[in-house]
Amino acid sequence: MKNILLNRNDGETVLDIFLRTKDEFYDAAEFLHAMDVLYVLDVLDVEVDSGVVVYA
């Protein structure tokens, strides 16, 4: 999860974050699990219309 939060950029989509961090995760499922945990902890949210990730 810290890999997602490091070097974060405003206006990133989920795909942008995956491409930025893909070498840090075993597979896409592990990446999605980390994103889910950050969402549940209210650290990030995803705008439904644009897909842009908003960090708290």
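Structure first, text after, so check above.
Owing to the predicted nature of the structure, the values given are computational and were not obtained by experimental measurement. (Residues numbered from 1 in each chain as written. Predicted model: local features only at pLDDT ≥ 70, side-chain atom pairs only at ≥ 80, totals over all residues. Heavy atoms only, no water.)

Asks: Looking at this model, I keep getting lost on the side chain of Glu12. Mind explaining?
Replies: Mapping Glu12 onto the fold places it in the loop between α1 (2-5) and α2 (14-21). Separated by 3.2 Å, the side chain of Glu12 and the backbone nitrogen of Asn9 make a polar contact. Excluding its chain neighbours within four sequence positions, the residues that come into contact with Glu12 are Ile17, Arg20, Gly51, Val52, Val53 and Tyr55. (Helix = DSSP H or I, 4+ residues; strand = E, 2+ residues; numbered from the N terminus. Polar contact = N/O pair within 3.5 Å; in protein donor to acceptor, adjacent residues only side chain to side chain. Contact = heavy atoms within 4.5 Å.)

Asks: Please explain the packing of α2 against helix α3 (residues 28-40) as it appears in this structure.
Replies: To characterise two packed helices, one gives the angle between the axes of the helices and the distance between these axes. At their nearest, the axes of α2 and α3 sit 11 Å apart, and the two run at 120° to each other. Compared by their axis directions, α2 and α3 come out oblique. Like other packed secondary-structure pairs, α2 and α3 cross with a definite hand, here right-handed. Between α2 and α3, the residues in contact are Val14, Ile17, Phe18 and Thr21 and Ala28, Phe31 and Met35, respectively. A breakdown of the residues in the contact of α2 with α3 according to their chemical character gives 6 nonpolar, 1 polar and no charged. (Axes fitted to C-alpha atoms, helices over the stretch in contact; angles between N-to-C directions. Parallel < 35°, antiparallel > 145°, perpendicular 65-115°, else oblique. Left-handed = near helix turned anticlockwise from the far one by under 90°. Nonpolar A, V, L, I, M, F, W, Y, C, P; charged D, E, K, R; others polar.)

Asks: Mind showing me how you'd approach the environment of Leu5 here?
Replies: Within the fold, Leu5 resides in helix α1. Accessibility expressed as a relative area gives 28% for Leu5, which makes it partly exposed. A sequence separation of 18 residues divides Leu5 from Asp23, and the C-alpha atoms of the two residues are 15 Å apart. Those residues within four positions of Leu5 in sequence are excluded, and the remaining contacts are Leu38, Val43 and Tyr55. (Buried < 20%, exposed > 50% of the residue type's maximum accessible area, 1.4 Å probe, protein only.)

Asks: Whenever I open this one, the nonpolar core confuses me. Can you help?
Replies: Taken as a class, soluble globular proteins show a tendency for nonpolar side chains to be buried jointly. One finds Ile4, Ile17, Phe25, Phe31, Ala34, Met35, Leu38, Leu44, Val53 and Tyr55 forming the largest nonpolar core, which totals 10 residues. Contributing elements (two or more residues each) for this core: α3 and β2 (53-55). Looking at this core element by element, the count peaks at 4 residues for α3. Those residues within four positions of Val53 in sequence are excluded, and the remaining contacts are Glu12, Thr13, Val14, Ile17, Met35, Leu44, Asp45 and Val46. (Core = buried A, V, L, I, M, F, W, Y, C linked by side-chain atoms within 4.5 Å.)

Asks: Explain a negative patch on the surface here, please?
Replies: Taken together, the side chains of Asp42, Asp45, Glu47 and Asp49 define an acidic patch exposed on the protein surface. Relative to the assigned elements, Asp42 resides in the loop between α3 and β1 (44-46). Using a relative accessible area of 58% as the deciding quantity, one classes Asp42 as exposed. (Patch = residues over 30% accessible without salt bridge, like charges linked within 9 Å, V, L, I, M, F, W, Y side chains within 5 Å. Areas by Shrake-Rupley, 256 points an atom, 1.4 Å probe, with all protein chains shown as cover. Salt bridge = Lys/Arg side-chain N within 4 Å of Asp/Glu carboxyl O. Lys, Arg positive; Asp, Glu negative; His and termini not counted. Charge placed at Lys NZ, Arg CZ, Asp CG, Glu CD.)

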